[in-house]
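Here's the letter readout for the chains.
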Amino acid sequence: MADLKLLNDEQKANLNKFRNIVKDFKLKDSSDEYLLKWLIVQDFNVTRAENMLRQSLEWRRVREADDILDTYTPIEVMRKYFSIGQVGIDKFGCPVFACAFGRIDIKGIRLCLTNKEYNNFVTWLLETFVLSVQKEIERTGKLTLQMVFILDFEHFSMKQLASKLAVETILDIVKHFLANYPDLFRRAFVINAPRIFSVLFAMIKPLIPATDFPKIKIFAANKSEWLPALLEEIDADQLPSFYGGTLTDPDGNPKCPSKFNMGGEVPHTYYLSNNGPIAKNYMETVNIMAGVSGKKKFKFKVDVPESVMRWEFMTEGGDISFRIYSKDSKEDLVPLVRVDSHLAMEEGQVTCDQPGKYVFEFDNSFSYLRTKKVRYHITVHPPSEKV
């Protein structure tokens, strides 16, 4: 957050110009501090800041964002399984939100929501961030304009990363947050990040303004590294005991479930439909036996580095496991994972870093009796066709 007093003459002139341009806009906040946020993320380019604000106002109109906190209440599955909540205030007066991101069953959650319900929830969530800042201003009288995230990626796995629906959801939420709430976060602590987090972060990077990168601190699973960083900016009594602070629920629970939940796998009873997905015309079919012989391998030759393998499949007769690995190095690109492809189409993609032979394997060996019918479409694309 830039201090108005520290702006140079050119920046002050651009702020004045921007203020005059948007003076007729219907803004909930027309203060210089708010207008400055749009300029900051656009490197004080007035034209780009104006375009960004115009697009955001249209987004707010379509999403009915101004009234969402009064008109919408999250449904039960979101309250129970989407992990996010304010846990305290940092040393700079900013609300602190914790999220057990790695434990969220993002795909499962999406299978419980209509598009309208999903859009309403995302808008509601982003507006609660703004509301938390406003409440802190009212409580203290200090001009608090930002917030803090603690994003816990423990248990984040290739199962989530390989799900097209999960990745699209993550990118969608980040995109809407950064495009419509510029310069809102003061710090984002990413803790317990596994190695594959770098793959996800590479997808998110293009969405992040250059001014936001210094605010992001990423730590692996070494608590002796991330805990001092948290306590440097957040007092212990404002940090859940589960994350190394002293804050607990009234009953002593260190995870503070009254403030935020820990996610978890979403029960299928919440899913919108249990009728199963519908096969697409271009899909092929294979029957996979039960028991020890219940495996089917599809081999692919990759000639170009960084080629992308994409898949979509569904099953009849129950769930199934699948795995993708390099035949040359024997390393897994997607470790063996069991998916509910009888309930929803399984879609995803993975990058084949090196040329060579790769294997996509269906595995039904865990099933004693049930043969599974698999409808599938698996393709390999050169890097120029990445999406």
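Conventions and cut-offs
Residues numbered from 1 in each chain as written. Predicted model: local features only at pLDDT ≥ 70, side-chain atom pairs only at ≥ 80, totals over all residues. Heavy atoms only, no water. Helix = DSSP H or I, 4+ residues; strand = E, 2+ residues; numbered from the N terminus. Rg over C-alpha atoms; globule rule 2.2 N^0.38 Å. Buried < 20%, exposed > 50% of the residue type's maximum accessible area, 1.4 Å probe, protein only. Contact = heavy atoms within 4.5 Å. Areas by Shrake-Rupley, 256 points an atom, 1.4 Å probe, with all protein chains shown as cover. Lys, Arg positive; Asp, Glu negative; His and termini not counted. Charge placed at Lys NZ, Arg CZ, Asp CG, Glu CD. Pairing = 2+ DSSP bridges. Axes fitted to C-alpha atoms, helices over the stretch in contact; angles between N-to-C directions. Parallel < 35°, antiparallel > 145°, perpendicular 65-115°, else oblique. Left-handed = near helix turned anticlockwise from the far one by under 90°. Nonpolar A, V, L, I, M, F, W, Y, C, P; charged D, E, K, R; others polar. Salt bridge = Lys/Arg side-chain N within 4 Å of Asp/Glu carboxyl O.

Engineer: What exactly am I supposed to notice about the overall build of the protein chain here?
Structural biologist: Scanning the protein chain from terminus to terminus reveals eleven helices and 13 strands. The globule rule puts the C-alpha radius of gyration for 387 residues at 21 Å, and the 24 Å found for the protein chain is close to it. Summarising its shape, the C-alpha atoms of the protein chain cover approximately 70 × 50 × 40 Å along the three principal directions. Here the protein chain, with 387 residues, has 50% of them falling under the buried criterion. At a minimum sequence separation of 6, the contacts of the protein chain that also span at least 24 residues come to 76%. Total accessible area computed for the protein chain in this model is approximately 19500 Å², and 51% of it derives from carbon and sulfur atoms. Averaging the coordinates of the 52 positive side-chain charges in the protein chain and doing the same for the 51 negative ones gives two points 4 Å apart.

Engineer: What is the right way to look at the sheet that holds strand E4 (residues 185-191) in this model?
Structural biologist: Sheet architecture is open: five strands sit in the order E1-E2-E3-E4-E5, paired in mixed fashion. Strands with a single pairing partner mark the edges of an open sheet, and in this sheet they are strand E1 (85-89) and strand E5 (216-218). For this sheet, the mean angle separating the axes of adjacent strands, direction not counted, is 20°. Where E1 meets strand E2 (residues 95-99), four bridges bridge the pair, whose relative direction is antiparallel. Residue Gln86 lies in a different strand from E2, and its bridge partner there is Phe97. The sheet strands contacting helix H7 (residues 115-140) are E1, E2 and strand E3 (147-152), and the helix crosses E2 at an angle near 150°.

Engineer: Just checking my understanding: could you explain the packing of helix H1 (residues 9-21) against helix H2 (residues 32-41) for this structure?
Structural biologist: To characterise two packed helices, one gives the angle between the axes of the helices and the distance between these axes. Where H1 meets H2, the closest approach of the two axes is 10 Å, and the angle between their N-to-C directions is 105°. On the basis of the axis angle, H1 is roughly perpendicular to H2. Together, Asn14, Leu15, Phe18 and Arg19 of H1 and Asp32, Leu35, Leu36, Trp38 and Leu39 of H2 make up the contact between the two elements.

Engineer: So what exactly am I meant to see when it comes to the packing of H7 against helix H9 (residues 164-180) here?
Structural biologist: Here H7 crosses H9 at 45°, and the two axes come no closer than 11 Å. Of the possible angle classes, the one that applies to H7 and H9 is oblique. In this structure, H7 meets H9 at a crossing whose hand is right-handed. Contact residues: H7 offers Tyr118, Val122, Leu126 and Phe129, while H9 offers Thr169, Asp172, Ile173, His176 and Phe177. Taken together, the residues that form the contact of H7 with H9 break down as six nonpolar, two polar and one charged.

Engineer: Looking at this structure, how should I read the pattern of salt bridges?
Structural biologist: In a structure, side chains of opposite charge can pair up when their charged atoms sit close to one another. Within this structure, the stated rule accounts for 25 salt bridges. The closest approach of N and O atoms between Arg103 and Glu154, which form a salt bridge, is 3.2 Å. Remark: Glu154 occurs in the loop between E3 and helix H8 (158-161) and Arg103 occurs in the loop between E2 and helix H6 (106-110); sequence separation between them is 51 residues. Note on Arg103: relative accessible area 18%, which makes it buried. One salt bridge in this structure joins Arg338 and Asp319, with 2.7 Å as the shortest N-O distance. Placement of the pair is Arg338 in strand E10 (residues 332-339) and Asp319 in the loop between strand E8 (307-316) and strand E9 (320-326), with a sequence separation of 19 residues. Since its relative accessible area comes to 15%, Asp319 is described here as buried. Among the charged side chains, a network of salt bridges with common partners joins Asp90, Arg186, Arg187, Lys217 and Glu233.

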